[in-house]
Amino acid sequence: MKRKPWEPEQIFEEYETGRTFKSGLGRKGLYEQGKINERFYIGDQWHGARCGNDRPLVRHNVIKRIGDYKMAVVASNPVTVNYSVEGVPNTVGISDRARDERDAFAQGQISPQETMGLPPEEELAVTMTALSDYFKTTAERVKFDDLKEQALRNAYVSGTGVLYTYWDDKIRTGLYADESGTTPIQGDIACEVLDIENVYFGDPNLYDVQAQPYIIIAQRKSVADLQREARRNGRSEAEIDAIKPDRDTGYMAGDMAEDEPEDSRKATVLTKFWKEWAKDGTCKIMASVAVRGATIRYRWDTKLRLYPLAVFRWERRRNCAYGESEITYLIPNQIAINRMLTASVWAVMMLGMPLTLVNGDVVNQPITNDPGQIIKINGTSEDMLNAVRYVNPPNFAPAFDNNIASLISNTLTQSGANDAALGDVGQFVAEHAREFGLVVKLHDEPGVDEDGTARHGEGVHAVVQQHVGGEREGLRGEGFGEAVHNGLDVALDFGVFHKRHTGADEHVELASEFFFVLDAETAEKRGLHRDRALQEQGE
C-alpha cells in the first residue's frame, strides 16, 4: 500500500534515495568532495599525505585567495528590496506622501478611518513603504549580511549555498496588539543558512527549485529538544518515547560533523516540504517534521505558494539541481604548487645543511653538527681528511622557481583573480619593468620632457610633474606598456592611473590623479612641453 507523503517511513525512504544520488555525484561524491574542498580552502592541504615528518610540507594557498576575492566582489553589492504593486504608479511624490501618512498614523495624529479616504494609489503606497521598511528592519535583525557571507562561502566550497526562511513563533517582537499592552505580538521571520549536503531535492535533475516535487532538510538536534517540540505539537507519549538518539553523522557537512560527542544524544530530524494541488490548478506548500519511527509535527499548511528556500549555485550544471564548486578543479593546480614549493624548500635546505658522512673507523664519538664541536680522530693525517665529508646535492635549476611563480600566476589569472585585481600592483609593475621603464625615469626626474619608443615602435612623448599633493602628469602613446593599455586599474608604485582602453585618437585620459596620454605626433602638433602641460593642468 502506498504510504502518505508525511509518514516518517516515506520521508526517510526519500531521504535515503537522495543520499544515494549525492554519493554518486562526480568522482568522490558530493559529501566527500565537499569535505576535501573545505580542507583545501582552509589550508589543510596535506591531509592524508603519507610524507612523514622529515621535511617541511609547504603550502601556498591560492584557492583561498581566489575564493576570498570573488566572494568579496559579490558580497560588496548591497541587497535592497522595494515593494510595489504591478500596474500601479509609484512616483517619488506618492511615496513621500504615503510615508508622511504612515508616520502620522503611527504617531496617532490620524485615525484608521481617515486613512481609508486616501486615493487608491496612495493607500497602496502606504502598504508598500511599510513592507520595504520592514525588510530593512528584518534584514538588520537576522544579520542578513552575515547570512549572505555564509551562503557565499558554502557555494564556493561545496557548489551551492542555501538560505532557509521560516516563521519562528517563539520570537518576542516587543510589540502589542492592544493599546493597554496586555496582548503581546509573538513570532517573526527567521533565517538559517543550510549546507547543501543536508538539503535533498525530490528531482535532482530539475534545476528550478520551485518546480521540485518535494524538498527535505536534514538536521541534527538533541533528543530533549525534539521531545519538547513533539509534546508542544500535541504528539502522544508513545510517539515521544520513540524519539531515540542515533549516530547517523556520516552524511552531514564537513569533517567536524563526525566528531559529535558520544553523550550529545542527538538524532537526525527531517523537515519535508511538498506541494498539494487543487482541482483549479493552484497549489499550497505542506510540511511535516519526523525522526525515525516518530512524527515531531504532523502535516500542516504553511500558507505558502513557494518553497521557503533561496539557492545560489557557484557553477551551474545542466540537468542538475546541485551546483559545482570551483575548488574541485583548482585542487590539481594547488597540489602541484605545494609539491613544487616543498621540493624547492627541501633543495635549499639540503644545499645549506647537506648530509654528513662520517668514517666510523676513525671517529668514535657522535657528530652533532654544532658549531665549534671538537672531533677526536684515531688515525693519520690522511685519515683526518676522510673522517667527515658532506654530500653535495645536485645542482638546482633556477628555472624551477620561475616555473612555480608562473604556475601560481597562471592559476590566479585563469581564475579571474590576477595581480591587478588582487591589488598586487607592485608585483605587476616588477614583471613589466621594461614597459614601465620610461615612467620610472619620469617619476625619478619630475618636470622633464622625454621622448621614447613604445613596445611596438611607436613614438612616445611624455611629461611628468610632481606636486605637494602627489599629483603627477604624463603623456603616453598607444602601445606604451601593453599591459597598462589593456586595463591596469592602479599602479601606485609609479603613480599610474588608467581605467579604460585608450587609443591614439583619445588624446587625454583623466583619473583621480593626472596621467595624460598622447602619441608623439599629437604631442608635437600641440606643442605640449613642460610649460604648456603645467598650464593645461592648471586650466
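What you see is a predicted model, and the numbers here were worked out from it, not measured in a lab.

A. Quick look at the overall build of the chain. When its secondary structure is counted, the chain shows 18 helices and 14 strands. Of all 539 residues assigned to the chain, the portion counted as buried reaches 38%. A separation threshold of at least 6 residues defines the contact pool for the chain, and within that pool the share at least 24 residues apart is 61%. Total accessible area on the chain is roughly 31300 Å²; 51% of this is exposed by carbon and sulfur atoms.

B. Local environment of the packing of helix 2 (residues 30-42) against helix 10 (residues 327-352). Orientation of helix 2 relative to helix 10, taken along the N-to-C sense of each, is 50 degrees, at an axis distance of 10 Å. As summarised for this structure, helix 2 and helix 10 are arranged oblique, according to the angle between their axes. For the pair helix 2 and helix 10, the crossing hand works out as left-handed. Across the interface between the two elements, Gln33, Ile36, Asn37, Phe40 and Tyr41 from helix 2 touch Ile327, Thr328, Ile331, Gln334 and Ile335 from helix 10. In terms of residue class, the contact of helix 2 with helix 10 is made up of six nonpolar, four polar and no charged.

C. Structural view of the sheet that holds strand 6 (residues 283-291). Taken in spatial order, the five strands of this open sheet run 3-4-5-6-7, and their pairing is antiparallel. Whereas interior strands pair on both sides, the edge strands pair on one side only; in this sheet they are strand 3 (199-201) and strand 7 (294-301). Going from strand to strand, the sheet's axes swing by 20 degrees on average, the running direction of each strand aside. One ladder, built from three bridges, connects strand 3 with strand 4 (residues 214-222); its direction is antiparallel. Residue pairing across strands places Tyr200 opposite Ile216, the latter belonging to strand 4.

Conventions and cut-offs
Residues numbered from 1 in each chain as written. Predicted model: local features only at pLDDT ≥ 70, side-chain atom pairs only at ≥ 80, totals over all residues. Heavy atoms only, no water. Helix = DSSP H or I, 4+ residues; strand = E, 2+ residues; numbered from the N terminus. Buried < 20%, exposed > 50% of the residue type's maximum accessible area, 1.4 Å probe, protein only. Contact = heavy atoms within 4.5 Å. Areas by Shrake-Rupley, 256 points an atom, 1.4 Å probe, with all protein chains shown as cover. Axes fitted to C-alpha atoms, helices over the stretch in contact; angles between N-to-C directions. Parallel < 35°, antiparallel > 145°, perpendicular 65-115°, else oblique. Left-handed = near helix turned anticlockwise from the far one by under 90°. Nonpolar A, V, L, I, M, F, W, Y, C, P; charged D, E, K, R; others polar. Pairing = 2+ DSSP bridges.

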